[in-house]
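Architecture and fold: a report
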Amino acid sequence: MTILLKQHDYNEIIFFSQKKLPNEACGLLAGNIDGEIKSIKKVYYLTNLDQSPQHFSMDPQEQFAAIKEIRSMGWVLLGNFHSHPSSPSRPSQEDIHLAFDADACYLILSLQDKGNPVLKGFQIIENVVTEKVILMQF
Ligand SMILES: [Zn+2]
């Protein structure tokens, strides 16, 4: 799995996540799958109902609305993203436990180093985490 992300969406994910500090930010990733390539067409920015620096849970109504639009656009749900305000860009134990979709890509943005946001992509299959390449599209 390789993840294609538009530079604009990358910037927006960072901007949105910084705005939500000190809490975690979260959202859904939608787009197309072409073989091993997952191309992100739209990022849905959702409310973190937990309002917590260590956890997130996405608003179910917003998720529902996003899924509806994703279907109407002929896209598929590719995965999700969330931020780590003060920990590295890798899935926490809780993230791993909550990763039920083996096909999903999980993007994690670390804002631990304020001047240097780090975004990484992961696939999590039966508790095994594999980092995936994120290709930036200009
Ligand atoms: Zn996490």
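See the structure printed just above.
I will try to describe carefully the structure that is included in this document. (Residues numbered from 1 in each chain as written. Predicted model: local features only at pLDDT ≥ 70, side-chain atom pairs only at ≥ 80, totals over all residues. Heavy atoms only, no water.)

Observations regarding the coordination of the zinc ion
As a reminder of what qualifies: With water excluded from the atoms, a metal site may look incomplete; its donors are any N, O or S atoms within 2.8 Å, or within 3.2 Å for Na, K and Ca. Donor angles set the geometry label: tetrahedral for four donors if every angle is between 85 and 135 degrees, square planar for four and octahedral for six if opposite donors exceed 155 degrees and the others are between 65 and 115, irregular for anything else. Strands are runs of DSSP state E lasting at least 2 residues, helices are runs of H or I lasting at least 4, and numbering of each runs from the N terminus. Note on classification: 1.4 Å probe, protein chains only; a residue is buried when its accessible area is under 20% of the maximum for its type, exposed when over 50%, partly exposed between these limits.
Coordination of the zinc ion by the protein is provided by H82 (NE2), H84 (NE2), D95 (OD) and D95 (OD), with metal-donor distances spanning 2.0 to 2.7 Å. In this structure, the zinc ion is coordinated by four donor atoms arranged in irregular fashion, with angles at the metal of 53 to 159°. Within one chain, the residues serving as donors to the zinc ion are arranged as H-x1-H-x10-D. Residue H84 is found in strand β4 (residues 76-84), and its partner D95 is found in helix α3 (residues 93-97); the two are separated by 11 residues along the sequence. D95 matches H84 in its accessibility class, with the two residues each being buried.

Some details on the nonpolar core
Note the threshold: In this text, buried Ala, Val, Leu, Ile, Met, Phe, Trp, Tyr and Cys residues form a nonpolar core when linked through side-chain atoms within 4.5 Å. Here, two residues are considered to be in contact whenever any of their heavy atoms come within 4.5 Å of each other.
One finds L29, I40, F81 and L107 to be the most contacted residues of the largest nonpolar core, which totals 18 residues. At the level of secondary structure, the elements contributing two or more residues to this core comprise β1 (2-6), α1 (7-19), β3 (37-46), β4 and β5 (105-110). By residue number, the principal contributor to this core is α1, which donates four residues. Among residues more than four places away in sequence, those in contact with L29 are I40, K42, V43, V76, L77, L78, G79, N80, F81, C105 and L107.

Observations concerning the layout of surface pockets
For clarity, the threshold we go by: Cavities and pockets were defined on a 1 Å grid built from protein atoms only: a cavity is a group of points that admits a 1.4 Å probe but offers it no way out, a pocket is an open group of points flanked by protein on both sides within 12 Å along at least five of seven lines, and a lining residue is one with an atom within 4 Å of any such point. Grid points are joined across faces, edges and corners, and a volume is the space filled by probe spheres set on the points.
Size it by volume and the largest pocket reaches roughly 360 Å³. What lines the largest pocket is a set of 20 residues, among which F56, M58, N80, L98 and Y106 lie closest to the centre. For the lining of the largest pocket, the secondary structure elements donating two or more residues are β4 and β5. The element that contributes the greatest number of residues to the lining of the largest pocket is β4, accounting for five residues. Looking at the second largest pocket, its volume works out to about 150 Å³.

Examining empty space enclosed by the protein
Rules: Under the scheme applied here, ten amino acids are nonpolar (Ala, Val, Leu, Ile, Met, Phe, Trp, Tyr, Cys and Pro), four are charged (Asp, Glu, Lys and Arg), and all others, including Gly, are polar.
In this structure the tally under the stated criterion is one cavity of 30 Å³ or more. One number sums up the size of the largest cavity: a volume of about 50 Å³. Lining the largest cavity, in full, are E24, Q54, H55, F56, H82, E94, D95 and L98. Of the residues in the lining of the largest cavity, the class split is two nonpolar, three polar and three charged.

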